[in-house]
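Architecture and fold: a report
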Amino acid sequence: IDEVCFLSFYSFTQKYPPVKFLSEKDRKRILITGGAGFVGSHLTDKLMMDGHEVTVVDNFFTGRKRNVEHWIGHENFELINHDVVEPLYIEVDQIYHLASPASPPNYMYNPIKTLKTNTIGTLNMLGLAKRVGARLLLASTSEVYGDPEMHPQNEDYWGHVNPIGPRACYDEGKRVAETMCYAYMKQEGVEVRVARIFNTFGSRMHMNDGRVVSNFILQALQGEPLTVYGSGSQTRAFQYVSDLVNGLVSLMNSNISSPVNLVSFLPELIFTPLIVSSVSRSHIQFLPEAQDDPQRRRPDIRKAKMLLGWEPVVPLEEGLNKTIQYFSRELEHQANNQYI
Ligand code: NAD
Ligand code: UDP
């Protein structure tokens with residue numbers, strides 16, 4: 001069942017989507033920072049439906065209340081408007097630390113804030129984890145490998161990052177966030193999990209976040225040319241959001257404290273024929289290459305599959321179709337609301 005239809009169906013028939021009953025011993029108090037964003041809101045849905053108590057903390061920089069509004073008022077759910085750069089005092093068992101802009105235009109918009117969020121914000125969340133004895137999962141990124149010189153990238157690769165380039169606020173911010181996790185683990189005994197997430201797409205992606213999947217879908221739906229930066233021969237590895245969410249939950253509940261790559265589909269040219277074929281009426285507009293754009297990303301995903309027993313289940317085409325449907329509905333929603 002498409003999760004969006006599922007949720008909208010329930011919003012008409014019942015007040016909330018269905019929630020499993022968990023005994024007090026199994027029910028966890030879970031904090032999701034950045035929980036009103038794209039990935040965080042899907043993670044919120046899964047953990048709420050699994051029967052946990054979820055607190056979402058978000059400063060709404062790129063997140064939206066609309067992404068989690070279907071839980072507002074539920075006794076297991078709380079939404080707090082808070083910036084993780086400021087300390088937070090709550091009692092929880094697990095922390096999924098996702099707060100950070102993720103798309104290049106968003107994280108480059110205010111590089112100093114991106115650095116503060118990933119450094120001071122992560123320090124605050126690790127401090128919270130230490131005080132309350134919670135386990136913390138960091139949403140890290142394939143960007144820690146930079147523009148890789150080694151293929152495929154397994155988790156032992158140290159990366160190739162320009163420390164003073166336009167992407168550095170994010171790449172180096174996440175690298176130091178990982179460093180902080182392991183310093184807190186070694187020095188203070190905090191339990192940490194580090195997910196290195198690759199390019200993820202799905203419903204609730206921001207339509208205008210400037211990423212390749214959202215740009216191509218939006219451009220195709222609006223009959224505009226697809227903007228390809230550089231030659232279009234650069235590669236990325238993609239995954240559908242529900243597979244990522246299952247991977248994050250498996251990692252959190254595993255005993256693996258070292259970093260794990262999470263991604264489903266091995267490299268696709270960004271100029272993927274799959275997307276292009278679905279939009280034959282559009283044409284391509286070649287634009288200059290973005291500075292420091294990683295040319296080739298080819299992850300090694302054996303660790304996640306072997307140690308987590310995690311298997312992505314959504315085929316690329318199915319995931320893209322769901323995302324295209326979501327974008328069509330969003331465009332309709334915008335058109336219907338523009339004169340209100
Ligand atoms: P997103 O922009 O949709 O979500 C990020 C959320 O964090 C937003 O709701 C935003 O408002 C919130 N936020 C930002 N700064 C904050 C702050 N200082 N205090 C509190 N909240 C703050 O992005 P996403 O795609 O959902 O990414 C979630 C996490 O996953 C990020 O940490 C990102 O780096 C990581 N990640 C995502 C991808 C991807 O392809 N989506 C890939 C690699 C890593
Ligand atoms: N890209 C592109 N056209 C677009 C948006 C992105 O050609 O309209 C390219 C971009 O230069 C990069 C790849 O697509 O090589 C993935 O970019 P994205 O911003 O989605 O993710 P990231 O670079 O963070 O992996």
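The model shown is predicted, which means the values in this text are computed figures rather than measured ones.

**Structural notes on the pairing of strand β9 (residues 235-240)**
Within a regular strand, side chains alternate between the sheet's two faces. The element β9 is largely enclosed, with a buried count of 6 among its 6 residues. On β9, burial covers both faces: Thr235, Ala237 and Gln239 on one face and Arg236, Phe238 and Tyr240 on the other are all buried. Two elements, strand β7 (residues 199-201) and β9, share 3 bridges in a ladder whose sense is parallel. The partner of Asn199 across the bridge, within β9, is Phe238.

**Thoughts on the nonpolar core**
Among soluble globular proteins, nonpolar side chains are generally buried collectively. Core analysis: the largest hydrophobic core is formed by 48 residues, its most contacted members being Leu43, Leu47, Tyr96, Phe201, Leu248, Leu262 and Leu308. No other element matches the 7 residues that helix α7 (residues 241-252) contributes to this core. Grouped together as the second largest cluster of nonpolar side chains are 23 residues, Leu31, Val92, Ala177 and Met180 included.

**Regarding α7**
For α7, which comprises 12 residues, the first-to-last C-alpha distance of 16 Å matches the rise-based estimate of 16 Å (1.5 Å per residue) to within 8%. Taking burial as the measure, the 12 residues of α7 include 9 buried ones, the bulk of the element. Taken as a whole, α7 has its buried residues at Val241, Asp243, Leu244, Val245, Gly247, Leu248, Val249, Leu251 and Met252.

**As for the site of ligand 2**
What surrounds ligand 2 is a group of 17 residues, the closest being Val212, Asn215, Thr227, Arg236 and Asp293. Contact distances for ligand 2 include 3.2 Å between an oxygen atom and a side-chain N or O atom of Glu143. Contact between ligand 2 and Val212: an oxygen atom at 2.7 Å from a main-chain N or O atom of the residue. Relative to its free-state accessible area of 520 Å², ligand 2 is covered by the protein chains to the extent of 96%. Where the shell around ligand 2 is concerned, the elements lending two or more residues are α6 (212-221) and β8 (226-229).

**Some thoughts on the environment of Asn246**
Here Asn246 shows up in helix α7. The class of Asn246 is partly exposed, set by a relative accessible area of 33%. C-alpha separation for the pair Asn246 and Glu311, spaced 65 residues apart in sequence, amounts to 9.0 Å. Among all residues touching Asn246, those that are not within four sequence positions of it are Lys46 and Trp310.

**Things to note about the site of ligand 1**
The environment of ligand 1 is made up of 30 residues, and the closest members are Asp58, Thr62, Leu98, Tyr170 and Lys174. The separation between an oxygen atom of ligand 1 and a polar main-chain atom of Gly63 is 3.0 Å. Secondary-structure elements contributing two or more residues to the shell around ligand 1 are α2 (38-49), β5 (135-141), α5 (168-188) and β7. At 3 residues, the largest contribution of residues to the shell around ligand 1 is made by β5.

**Thoughts on the confidence of the model for the protein**
Mean pLDDT over the protein: 91, with 91% of residues reaching 70 or higher. The ipTM, which scores confidence in the relative placement of chains, is 0.95 for this predicted complex, and the corresponding pTM is 0.94.

Quick notes on the rules
Residues numbered from 1 in each chain as written. Chains lettered and ligands numbered in written order. Predicted model: local features only at pLDDT ≥ 70, side-chain atom pairs only at ≥ 80, totals over all residues. Heavy atoms only, no water. Buried < 20%, exposed > 50% of the residue type's maximum accessible area, 1.4 Å probe, protein only. Helix = DSSP H or I, 4+ residues; strand = E, 2+ residues; numbered from the N terminus. Pairing = 2+ DSSP bridges. Core = buried A, V, L, I, M, F, W, Y, C linked by side-chain atoms within 4.5 Å. Expected span 1.5 Å × (residues − 1). Near = heavy atom within 4 Å. Polar contact = N/O pair within 3.5 Å; in protein donor to acceptor, adjacent residues only side chain to side chain. Areas by Shrake-Rupley, 256 points an atom, 1.4 Å probe, with all protein chains shown as cover. Contact = heavy atoms within 4.5 Å. pLDDT = per-residue confidence, 0-100.

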